[in-house]
There are 2 protein chains.
Amino acid sequence: MRHPSVTYSDRTFQALADPTRRAVLDLLRRGSQPAGEIAGAFPVSRPAISKHLRLLRRAHLVHEHREGRHRVYQLNPEPLRAIDTWLEQYRSFWKMSLTNLKTFVETEYAKETTQPRAAKPNTKTSKGDR
Amino acid sequence: MRHPSVTYSDRTFQALADPTRRAVLDLLRRGSQPAGEIAGAFPVSRPAISKHLRLLRRAHLVHEHREGRHRVYQLNPEPLRAIDTWLEQYRSFWKMSLTNLKTFVETEYAKETTQPRAAKPNTKTSKGDR
DNA sequence: ATAATGTGTAACCGTACAGTTACGTGATTA
DNA sequence: TAATCACGTAACTGTACGGTTACACATTAT
């Protein structure tokens, strides 16, 4: 079950989880398109794409506006900034050499692991606070 | 139904779709930890976390090694590079001002929309293959 | 008015989570 | 050896997708 409160970037991450939806975004980078034309670019049925578009809308990754009987979809890259921000915290990690990472990790966890016994972390105490 | 072939970064995006799993990664940035201690940091049951860890493992976002009766999990930021690469293509978009984006989009789609009739994209031709 | 287009939605099916409790298993401790 | 610890896994439940077909609805075109 999903958590009761679904955050903003939650929807974003969730929307990006599907390869078809990412492909739709990739497509829209080339310019806005009506739903039907987007659907034409994929090997699935039009309603399937329609539902993908609904999720992308829900995540604010696309904007839609009517144009005659078309519904034109436009990329909105704004929510991707949140992803970028999240990733930012990890950049330093993959810039570290693996050896450095290993060292860092070892020193960090050293206090819990070096002593065979006394270090048994009391798992339960820290459980209530989140 | 999932596509037959699930790509590498597919697993990654999918693993990141869940807020708990992202939180686990955030936790591991501070240093490796055994499964139980990770579980202690969340309001869900230990088996639930165990399953999250399985997905993270499947996405290669964490490494696991046994240490006595503990299983220590370590962050592996490597797969996140793929996400970063994907995002890279969108950076230019959110750096553009909205007006510029609008202009770009309009000129791009102009050929299909400016002529009322003749431009009707033949959606069906590419659709027949499914 | 009627027909055709372009889209979204409803209803239905199968699968993959996310969570739970109960249980199995290897490593430590008594 | 027996008890305990730290996990993973199995079995089960509910929900959200991802896909399909059938249909409703609004907007042109005849």
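Our structure is the block above this text.
Remember, predicted model here, so these are calculated numbers, not experimental data.

A. Examining the overall build of chain A more closely. Helices and strands together make up the secondary structure of chain A, namely six helices and three strands. Along the chain direction, N to C, the helices and strands of chain A fall in the order α-α-β-α-α-β-β-α-α. Across the 130 residues that make up chain A, the buried fraction comes to 39%. Here chain A has roughly 7,800 Å² of accessible surface; of this, 52% comes from carbon and sulfur atoms.

B. The arrangement of the packing of aromatic side chains in detail. Applying the stated criterion across every chain, the model contains six aromatic pairs over all chains. Their ring planes at 40° and their centres at 4.7 Å tell us that Trp 86 of chain A and Tyr 90 of chain A sit as a pair that is tilted. Taken together, the positions of Trp 86 of chain A and Tyr 90 of chain A, both in helix α5 (residues 80-95) and four residues apart, correspond to about one turn of that helix. With a relative accessible area of 11%, Trp 86 of chain A lands in the buried category. Accessibility expressed as a relative area gives 0% for Tyr 90 of chain A, which makes it buried. Ring geometry for Tyr 90 of chain B against Phe 93 of chain B: centres 6.4 Å apart, planes inclined by 45°, an arrangement best described as tilted. Of this pair, Tyr 90 of chain B and Phe 93 of chain B both sit in helix α5 (residues 80-95), separated by three residues, roughly a single helical turn. Members of the aromatic cluster, connected to one another through ring pairs, are Phe 13, Trp 86, Tyr 90 and Phe 93 of chain A. The ring of Tyr 90 of chain B has Arg 29 of chain A lying over it, and the distance from NZ or CZ to the ring centre is 5.0 Å.

C. The sheet that holds strand β1 (residues 33-34) of chain B, seen in detail. Residues and elements named next belong to chain B. Spatially, three strands are ordered β1-β3-β2 in an open sheet, and the strand pairing comes out antiparallel. Here the strands that pair on one side only, and so sit at the sheet edges, are β1 and β2 (62-67). Looking at chain direction, β1 and strand β3 (residues 70-75) are connected through two bridges and run antiparallel. Within β3, the position partnered with Pro 34 by the bridge is Val 72.

What counts, and at which threshold
- Residues numbered from 1 in each chain as written.
- Chains lettered and ligands numbered in written order.
- Predicted model: local features only at pLDDT ≥ 70, side-chain atom pairs only at ≥ 80, totals over all residues.
- Heavy atoms only, no water.
- Helix = DSSP H or I, 4+ residues; strand = E, 2+ residues; numbered from the N terminus.
- Buried < 20%, exposed > 50% of the residue type's maximum accessible area, 1.4 Å probe, protein only.
- Areas by Shrake-Rupley, 256 points an atom, 1.4 Å probe, with all protein chains shown as cover.
- Phe/Tyr/Trp six-rings, centres within 6.5 Å; stacked < 30°, edge-to-face > 60°.
- Lys NZ or Arg CZ within 6 Å of the ring centre and 35° of its normal.
- Pairing = 2+ DSSP bridges.

Keep in mind these numbers describe shape, not what the thing actually does.
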